[in-house]
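Breakdown of the fold
The primary structure of each chain is shown beneath.
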Amino acid sequence: MISLACELAGVQLSNPILMASGTFGFGKPYAALYPLDKLGGIVTKGLTLQARPGNTGTRVFETDSGLINSIGLENPGIPTFLEREWEEMMQYGTAIIVNLGGGSIREYAEGAMLITEASRESKKNGRRAVDMIELNISCPNVKEGGLQYGVDTDRAREVVRAVRMATDLPLLVKLSPSARDLTEMARMCEAEGADGLSLINTIQAMAIDIRKKRSVFDGLYAGLSGPAIKPIALRMVHQVSHAVDIPVIGIGGIASAEDILEFIMAGAAAVQIGTYNFMRLRAGAALEDELRELMAQEGIRSLDEIRGII
Amino acid sequence: MANVLVNNKLAPDIYQLTVEGEYHASMGQFYMLRCWGAFPVLSRPISVHDINEGTISFLYRVSGTGTRLLSQLKPGNQLQLEGPLGRGFPEPEGRTAIIGGGMGIAPLLLAARRLPDSRVFLGFAGDPFAVSAFHAIHADVHVVSGGTIADYVEPSEYDTILACGPVPLMELLAHRTKGTGAKLFFSVEKRMACGIGACSGCTVRIDGVNRRVCVEGPVFSAGEVDFHDLLSL
Ligand SMILES: Cc1cc2nc3c(=O)[nH]c(=O)nc-3n(C[C@H](O)[C@H](O)[C@H](O)COP(=O)(O)OP(=O)(O)OC[C@H]3O[C@@H](n4cnc5c(N)ncnc54)[C@H](O)[C@@H]3O)c2cc1C
Ligand SMILES: Cc1cc2nc3c(=O)[nH]c(=O)nc-3n(C[C@H](O)[C@H](O)[C@H](O)COP(=O)(O)O)c2cc1C
Ligand code: FES
């Protein structure tokens, strides 16, 4: 049988298929549908130090082959996550990656410290640690923080440096397609000690309600995901993975085993599945086997054979 | 995958879809329906209209791409049903009114079936549709077309009111029920992506707290629902 086991930023994964932040909650809604130990890992909903109520008005809007969301980082805050959700997530038997958001450098750093302490405590008690932190400097849906750090390399450097200082956990940085210079951004993260990169986050987008003569979203712009963004994401993953030596996790519109192979050929070490979870609630239960079948058909024995061949 | 038994047009753009299988759902719950591949991207939330031995049915209006695809289903075709989802109507206490406006009658047939002692009010802007099924299973059904159905119900005569319909009707009912002893519960709509509580895309503010329509709803106690959130579908 083809093995899909792999190592990512020093963490052993059963396969390279992870569930993307914001599309999987804290796992629980899907745990009711299928066993989550099939997954390579779960990335939590974006967490900030303080709880956030998220945006008002319309939050999800379907487009041709895509989805625009304006959730606005609604989350219970890191302390509440650690108290109420973390315990249950540990039981799922898959890698847990905490997606970290923030409104200021200080909030990011304190959040990272809290997660790191909790992880250390958990490990000391013989239980699962947090496997990685995914630093989100690319959320287009919040006014402060989020994307403002993801566009400019110098501003991003401050956040990455502060969080790197605050944690000894493996650190991924999630990049925005809005970065002014994507390869410069990626190289900066590598130089600052990131263990890997995730890309892409949603693409800033808009929809207008012509009858109400206003934007569909209270926040004017929102983030586009889904099959519509795949070709752009693929190009960016290709570009970045050839510019750095740390692993790159490919994200954006992946909706089949074929798509996964495309991202691996473009240079991705692993992938994340986002919007596809909504199109097919049991996607996570099936994709690993579908990938194996496709590889067998194509005569690919290991993903290492094809990684970055383009 | 489930098997389509019937997909009948009941009125212009109004269809009843009946699917084979043993289904268990409470009144007011919904399913995510899908009979296509990757496009359109999202599945469609549709309330349970009725459940009988060996079948479940849905009543829907063709209002866009997804419901048009549903309307093209033929007996023997397959579709995907994910559910039952959400929290439906509570078991009512005392004298109960069931009030539906337009397409809002969809989730109320099951309620009428399960609450034979209730009074049922169905209001339509134009010609009524799908009301014969209500008459067939319930003795006390009032159908009105034109005006607002709220004018035909005196909230103070009831202990519990279960309702579904357009937002202005819900607002009016909430307003008129205030100060009476009646408890008002209504089913609301909001755009959904996952339908299972994973994305926080369907929230509505109630008593100042975000509630996900797909898990904590779609039925809410009238309380302090923020209608702005509902209008911005
Ligand atoms: C809990 C719940 C129960 C529902 N029950 C019924 C029912 O029993 N019968 C019925 O006819 N309709 C019902 N609806 C509304 C139904 O979901 C929409 O009419 C349908 O999604 C429209 O899809 P479309 O592709 O035809 O329209 P389009 O306008 O092409 O849809 C575009 C997008 O907007 C979403 N959307 C459009 N209108 C609505 C709406 N009113 N509510 C939520 N999302 C919407 C669609 O899901 C889709 O993602 C219910 C909605 C909810 C939330
Ligand atoms: C509803 C929704 C919520 C999201 N929330 C977050 C988030 O909290 N943090 C984050 O880093 N990315 C978030 N994302 C972005 C996804 O993780 C992913 O990067 C993006 O959707 C592209 O992948 P996809 O096309 O497979 O969905 C969200 C996406 C969606 C659709
Ligand atoms: S639709 Fe995703 S949480 Fe309700």
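In what follows, the accompanying structure is described. (Residues numbered from 1 in each chain as written. Chains lettered and ligands numbered in written order. Predicted model: local features only at pLDDT ≥ 70, side-chain atom pairs only at ≥ 80, totals over all residues. Heavy atoms only, no water.)

1. Remarks on the interface of chain B and chain A
On the side of chain A, 28 residues touch chain B, which itself brings 28 residues to the contact. Carbon and sulfur atoms make up 57% of the area that chain B and chain A hide from each other, which totals about 2,200 Å². A salt bridge links Glu82(B) to Arg282(A), with the nearest nitrogen and oxygen atoms 2.6 Å apart. Put simply, chain B and chain A have 11 residue pairs in polar contact (both at pLDDT 80 or more) between them. (Contact = heavy atoms within 4.5 Å. Buried area = accessible area lost by both parts, 1.4 Å probe. Salt bridge = Lys/Arg side-chain N within 4 Å of Asp/Glu carboxyl O. Polar contact = N/O pair within 3.5 Å; in protein donor to acceptor, adjacent residues only side chain to side chain.)

2. A short note on the site of ligand 2
All names here are of chain A. The local shell around ligand 2 holds 23 residues, among which Ser21, Lys174, Gly226, Gly253 and Thr275 are the closest. Asparagine 201 places a polar side-chain atom, nitrogen or oxygen, 3.5 Å from an oxygen atom of ligand 2. For ligand 2, an oxygen atom lies 2.7 Å from a polar atom in the side chain of threonine 275. Bound to the protein, ligand 2 loses 98% of the 610 Å² it would expose on its own. Across the shell around ligand 2, the residue classes break down as six nonpolar, 15 polar and two charged. (Near = heavy atom within 4 Å. Areas by Shrake-Rupley, 256 points an atom, 1.4 Å probe, with all protein chains shown as cover. Nonpolar A, V, L, I, M, F, W, Y, C, P; charged D, E, K, R; others polar.)

3. Concerning the packing of aromatic side chains
Per the counting criterion, the structure on display carries 10 aromatic pairs over all chains. Consider the rings of Phe61(A) and Phe217(A), whose centres lie 6.4 Å apart with planes at 85°: the pair is edge-to-face. Taken as a pair, Phe61(A) in strand β5 (residues 60–63) and Phe217(A) in the loop between β13 (214–215) and β14 (222–225) lie far apart in primary sequence, 156 residues in all. Seen from their ring centres, Phe121(B) and Tyr158(B) are 6.5 Å apart, and the 85° between their planes marks the pair as edge-to-face. Here Phe121(B), found in strand β9 (residues 119–124), pairs with Tyr158(B), found in the loop between β10 (141–145) and β11 (160–164); they are 37 residues apart in sequence, far enough to count as distant. For Phe121(B), a relative accessible area of 5% translates into the label buried. The class for Tyr158(B) is buried, based on a relative accessible area of 5%. An aromatic cluster is defined as three or more aromatic residues linked by ring pairs; in this entry it consists of Tyr23(B), Tyr31(B) and Phe58(B). (Phe/Tyr/Trp six-rings, centres within 6.5 Å; stacked < 30°, edge-to-face > 60°. Helix = DSSP H or I, 4+ residues; strand = E, 2+ residues; numbered from the N terminus. Buried < 20%, exposed > 50% of the residue type's maximum accessible area, 1.4 Å probe, protein only.)

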